[in-house]
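Below, each chain spelled out in residue letters.
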Amino acid sequence: GNIYLKRPEYLPAAAYYDSCLTNLTNDHPDYFDIQAKRNSLERLVSNLKVIMKEDSLQRLMAMSPSEREAMIGSLVEAEDAEKERVKKEQEDQQRLEELEIKEEKDLKSQPRALNAPATAAQGAWYFYNQSAISFGYSEFVKRWGSRKQEDNWRRSEKEMTIGGEVTDTTTVDSSAFNQQSLNDSIAKLDSKARKEAYLAQIPNSPEQIAESNKKITEAYYNCGVIYKEQLNNLNESINSFETLDKRFPDNKYKLPAYYNLYRTHTLLGNTEKADFYKNYILTNAPESDYARLIQNPDFFREMKRKSEVLEVFYENTYRAYLNRQYDQVIERKAYADQSFPANNKLSPKFAF
């Protein structure tokens, strides 16, 4: 995993880190570092796959109906061949296990010499057969990964912490989960139905193309952020944001992408390019938070401090209200209107 990460080749790196974590206990000194890298790579690969899939679907859309049918047909044939290979491999493994069990039975049925040591209890029962146990464990880990012995063990992580708050992962990864569920459902279909299901996923209307482009846009932006913030690959981050801008000039992430490009080029010492993105933001969105942040690097820190002051001021105002100090409440409301932004989150409460 480390070798592929340094190259960098992120798809194989993600696979190796995932396998490593599956076989690692959480008392390992590098466990949490490996887990963090695995999670970052998993998110990156998930977004890269979205781009590859949607681009492939759009290429299929551009083909003639006959070319499209042929392409999907060859894909289904390749999947069927792989299924047969896996099935044969499993059957061979099962025959090998049955042969081992039979040999153990035959061995136990032979009369033992009087002075021969007793053999350990082995037999056809699953938990007496070490080979069967080993195979079963490998199959379990391959399907489910490393799971604690607990209730609801089939669920993945129940919750995660973001900025000190507990967040349900089903809301964070719901789109990826839904896509995986769809893929699993399609994989169970026969060849004909699977071919029809693949053809049905190809966008063939302006609305479907727009939805496909929306997925690609979000994936490119996510990749840019992950490269920059989590994998420290500034060049790949720039490539993702610039590709996004080139392919979708009016995308909804233009301002944050440009701000990231400004910051990244600044870090790399590319003053000319950094100035280009900075000037675009200051010229086209002078009232945006990104423009304020460029002009004042402490902008967010000051905003947080003002927010904390606002919350304390409101708490004291509310306390005065509960104490029936209505004149003081009215005065404090007037002061809040003058001293805090008109659209602050507590404006409706002050008004009430």
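Residues numbered from 1 in each chain as written. Predicted model: local features only at pLDDT ≥ 70, side-chain atom pairs only at ≥ 80, totals over all residues. Heavy atoms only, no water.

1. A short note on the overall build of the chain
- When helices and strands are tallied, the chain shows 16 helices and two strands.
- Taken across its 352 residues, the chain has 28% of its residues classed as buried.
- Across the chain, the fraction of contacts at a sequence separation of at least 24, relative to all contacts at a separation of at least 6, is 51%.
- Surface accessibility of the chain: about 24,600 Å² in total, with carbon and sulfur atoms responsible for 52%. (Helix = DSSP H or I, 4+ residues; strand = E, 2+ residues; numbered from the N terminus. Buried < 20%, exposed > 50% of the residue type's maximum accessible area, 1.4 Å probe, protein only. Contact = heavy atoms within 4.5 Å. Areas by Shrake-Rupley, 256 points an atom, 1.4 Å probe, with all protein chains shown as cover.)

2. Description of the side chain of Thr317
- Tracing the backbone through its elements, the reader meets Thr317 in helix α14 (residues 299–322).
- Discounting residues that sit within four places of it in the chain, Thr317 has contacts with Val329, Arg332 and Phe350.

3. Section: the packing of helix α10 (residues 234–247) against helix α11 (residues 254–267)
- Contact geometry of α10 with α11 gives a least axis separation of 10 Å together with a crossing angle of 145 degrees. Crossing hand, α10 versus α11: left-handed. Listed contacts from α11 to Leu234, Ser237, Ile238, Phe241, Glu242 and Asp245 of α10 are Lys254, Ala257, Tyr258, Asn260, Leu261, Thr264, His265 and Leu267.
- The residue inventory of the contact of α10 with α11, partitioned by class, reads seven nonpolar, four polar and three charged. (Axes fitted to C-alpha atoms, helices over the stretch in contact; angles between N-to-C directions. Left-handed = near helix turned anticlockwise from the far one by under 90°. Nonpolar A, V, L, I, M, F, W, Y, C, P; charged D, E, K, R; others polar.)

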